[in-house]
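# Descriptive structure summary
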Amino acid sequence: MVALAKPAIQQFPFTKTSCKTSTLFPVIPLIDLSKPDAKTLIIKACEEFGFFKVINHGVPLEFISRLEAEAVKFFSLPLPEKEQAGPPRPFGYGNKSIGPNGDVGWVEYLLFTANQESNLQRFVSLLGKNPEKFRGALNDYLSAVKKMACEILELMADGLKIQQRNVFSKLLMDEQSDSVFRLNHYPPCPDIQSLNGINNNMIGFGEHTDPQIISVLRSNNTSGLQISLRDGSWISVPPDQNSFFINVGDSLQVLTNGRFKSVRHRVLANSSKSRVSMIYFGGPPLSEKIAPLPALMKGHEQSLYKEFTWFEYKKSAYSSKLADNRLIHFEKIVA
Ligand SMILES: C=C1C[C@]23C[C@@]1(O)CC[C@H]2[C@@]12CC[C@H](O)[C@@](C)(C(=O)O1)[C@H]2[C@@H]3C(=O)O
Ligand SMILES: O=C(O)CCC(=O)C(=O)O
Ligand SMILES: [Fe+2]
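Below or above, wherever it landed, is the structure these notes cover. Owing to the predicted nature of the structure, the values given are computational and were not obtained by experimental measurement.

## Some details on the coordination of the iron ion (ligand 3)
Distances from the iron ion (ligand 3) to its protein donors, namely His208 (NE2), Asp210 (OD) and His265 (NE2), fall within the range 2.1 to 2.2 Å. Residue classification places histidine 265 among the buried positions, given a relative accessible area of 5%.

## Thoughts on the packing of helix H2 (residues 61-75) against helix H4 (residues 131-159)
It is the contact of H2 with H4, at a shortest axis distance of 9 Å, that shows an interaxial angle of 135 degrees. Relative to H4, H2 is oriented oblique. As for how H2 packs across H4, the hand of that crossing is left-handed. Facing Phe63, Ile64, Arg66, Leu67, Glu70, Lys73 and Phe74 of H2, the residues of H4 in contact are Lys133, Phe134, Gly136, Ala137, Leu138, Asp140, Tyr141 and Ala144. Looking at the contact of H2 with H4 residue by residue, the class counts come to nine nonpolar, one polar and five charged.

## Thoughts on the nonpolar core
Counting residues in each nonpolar core, the largest one holds 68 residues, and the members touching the most others are Phe52, Ile152, Met156, Phe168, Phe181 and Leu183. No other element matches the 15 residues that H4 contributes to this core. In contact with leucine 183, not counting residues within four places along its chain, are Leu67, Ala71, Phe75, Glu108, Tyr109, Leu110, Phe112, Phe134, Ser277 and Met278. One finds Val180, Tyr186, Phe205 and Ile227 within the second-largest nonpolar core, a separate group that totals 22 residues.

## Side note on the site of ligand 1
As a matter of local geometry, ligand 1 sits amid 18 residues, with Arg182, Gln212, Ala317, Tyr318 and Ser320 nearest to it. For ligand 1, an oxygen atom lies 3.0 Å from a polar atom in the backbone of alanine 317. At a separation of 3.3 Å, an oxygen atom of ligand 1 approaches a polar side-chain atom of tyrosine 318. In the complex, the protein chains occlude 97% of the 470 Å² of accessible area that ligand 1 would expose alone. Counting residues per element, the ones that place at least two in the shell around ligand 1 are strand E5 (103-113) and strand E7 (200-208). Partitioning the shell around ligand 1 into residue classes produces nine nonpolar, five polar and four charged.

## Quick word on the state of the cysteines
The full count for this structure, using the stated rule, is zero disulfides. No disulfide involves cysteine 46; its sulfur sits 15 Å from the nearest other cysteine sulfur, which is in cysteine 150. Cysteine 46 sits in the buried class, given a relative accessible area of 0%.

## Considering H4
Along its 29 residues, H4 runs 41 Å from first to last C-alpha, staying within 8% of the 42 Å computed at 1.5 Å per residue. Of the residues trailing H4, lysine 161 is marked for its positive phi of about 60 degrees.

## What to know about the site of ligand 2
For ligand 2, the set of nearby residues contains 13 residues, the closest of which are Asn184, Tyr186, His265, Arg275 and Ser277. Between ligand 2 and histidine 265, the relevant distance is 3.0 Å, taken from an oxygen atom to a side-chain nitrogen or oxygen of the residue. A distance of 2.6 Å separates an oxygen atom of ligand 2 from a polar atom in the side chain of arginine 275. About the coverage of ligand 2: the protein hides 97% of its 300 Å² of free accessible area. Looking at the shell around ligand 2, the elements that each hand over two or more residues are strand E6 (180-186), E7, strand E12 (265-268) and strand E13 (275-282). Among the elements that make up the shell around ligand 2, the one with the highest residue count is E13 (four residues). When its residues are assigned to classes, the shell around ligand 2 shows six nonpolar, four polar and three charged.

## Focus: the pairing of strand E8 (residues 214-219)
Along E8, six of the six residues are buried, which leaves the element largely enclosed by surrounding structure. Side-chain alternation along E8 places Ile214, Val216 and Arg218 on one buried face and Ser215, Leu217 and Ser219 on a second face that is also buried. As judged from the six bridges shared by E8 and E13, these two strands associate in the antiparallel manner. Bridged to serine 215 within E13 is phenylalanine 281.

## A look at H2
Between its first and last C-alpha atoms H2 spans 21 Å; for 15 residues at 1.5 Å apiece the expected length is 21 Å, and the two agree. All of the buried residues in H2 are Phe63, Ile64, Leu67, Glu68, Glu70, Ala71, Phe74 and Phe75. Buried residues of H2, seen end-on, are gathered within an arc of 160 degrees and therefore sit on one face of the element.

## Some remarks on the packing of helix H1 (residues 38-48) against H4
Relative orientation of the contacting elements H1 and H4 amounts to 90 degrees, with a least axis distance of 8 Å. Looking at the two axes, H1 sits roughly perpendicular to H4. Of the residues in H4, those in contact with Ala38, Lys39, Ile42, Ile43 and Cys46 of H1 are Ile152, Leu155, Met156, Asp158 and Gly159.

Rules of the game
- Residues numbered from 1 in each chain as written.
- Chains lettered and ligands numbered in written order.
- Predicted model: local features only at pLDDT ≥ 70, side-chain atom pairs only at ≥ 80, totals over all residues.
- Heavy atoms only, no water.
- Donors = N, O, S within 2.8 Å, 3.2 Å for Na, K, Ca; no water.
- Buried < 20%, exposed > 50% of the residue type's maximum accessible area, 1.4 Å probe, protein only.
- Axes fitted to C-alpha atoms, helices over the stretch in contact; angles between N-to-C directions.
- Helix = DSSP H or I, 4+ residues; strand = E, 2+ residues; numbered from the N terminus.
- Parallel < 35°, antiparallel > 145°, perpendicular 65-115°, else oblique.
- Left-handed = near helix turned anticlockwise from the far one by under 90°.
- Contact = heavy atoms within 4.5 Å.
- Nonpolar A, V, L, I, M, F, W, Y, C, P; charged D, E, K, R; others polar.
- Core = buried A, V, L, I, M, F, W, Y, C linked by side-chain atoms within 4.5 Å.
- Near = heavy atom within 4 Å.
- Polar contact = N/O pair within 3.5 Å; in protein donor to acceptor, adjacent residues only side chain to side chain.
- Areas by Shrake-Rupley, 256 points an atom, 1.4 Å probe, with all protein chains shown as cover.
- Disulfide = S-S within 2.5 Å.
- Expected span 1.5 Å × (residues − 1).
- Pairing = 2+ DSSP bridges.
- Arc of directions from axis to C-beta.

Honestly, that's just the spatial picture; any functional story needs more than this.
Below, the structure written as structure tokens:
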């Protein structure tokens, strides 16, 4: 008997619209970095959502549009040309396959190290006709976004009443910081409305938490990003091309002994518009011990986590599937 191959589109994961979605529409916390109440609101947002939107961020809009234009130019190249910049392990072009463990999404992407000195030498020359332009746009964007991420981390330390203001930001500022940058392109998804007579949403990027300390996300004006609330329901994040969205990562959850929660998020493909996003994942040096900060431990408070380095966490993360709860292996069993 000849087995019929599934139509290509059915090999992708879907969510049905009947999936639990929130009916209360809580508003995504909005932080104006120029206002004095920013640090208090950031703490509240990190505790309640692990996610917030930032305005008055200081990143020149010209840096954003220049990098977006370079990304769009690259993703418009014929597939064989883009594939010359792959595979994405550890850095380069990837298409549909996400990570090393069989996850797939309706997405193509470029992964870079965010360490600008070592960046790009190897594959920048493959990034289209004018790699210098790409490199310049990337470096300007990365410097400005890293500065903003550090400012936010310092406001967090301040808001948590930690004396050492740079306790988090120094991890990103370290020359050995293991930070990553990603450009994602979600092409418009073919019409899948009527598959099986149910409303389906194609998964662009499956649900997950980010393993690092902090992620700084910017997208064009196409919707798709959703975050999961504490009750497990999903809410859509209205896109805003002039703002940034901040995710608490797993490592920040541990550094705050669970006071901040890393946010579960995903991207649904859009049926008519393409989405382009750029995300800076601020991570510590590989040798850094990730453990609750002593300054945050009250009285006899115990660490909720076993001791580990970022290298150990990353190794474990990269052997997991996208949707897995990666922190569970590092939680202490408290009697
Ligand atoms: C399935 C995977 C992709 C990922 C590595 C992993 O094994 C689990 C974590 C994933 C993630 C999510 C946030 C970032 O996009 C990313 C670059 C990261 O650091 O962890 C991806 C990894 C990836 O795409 O390689
Ligand atoms: O592309 C997006 O908007 C989010 C992607 C994401 O969560 C990731 O790359 O880790
Ligand atoms: Fe993510």
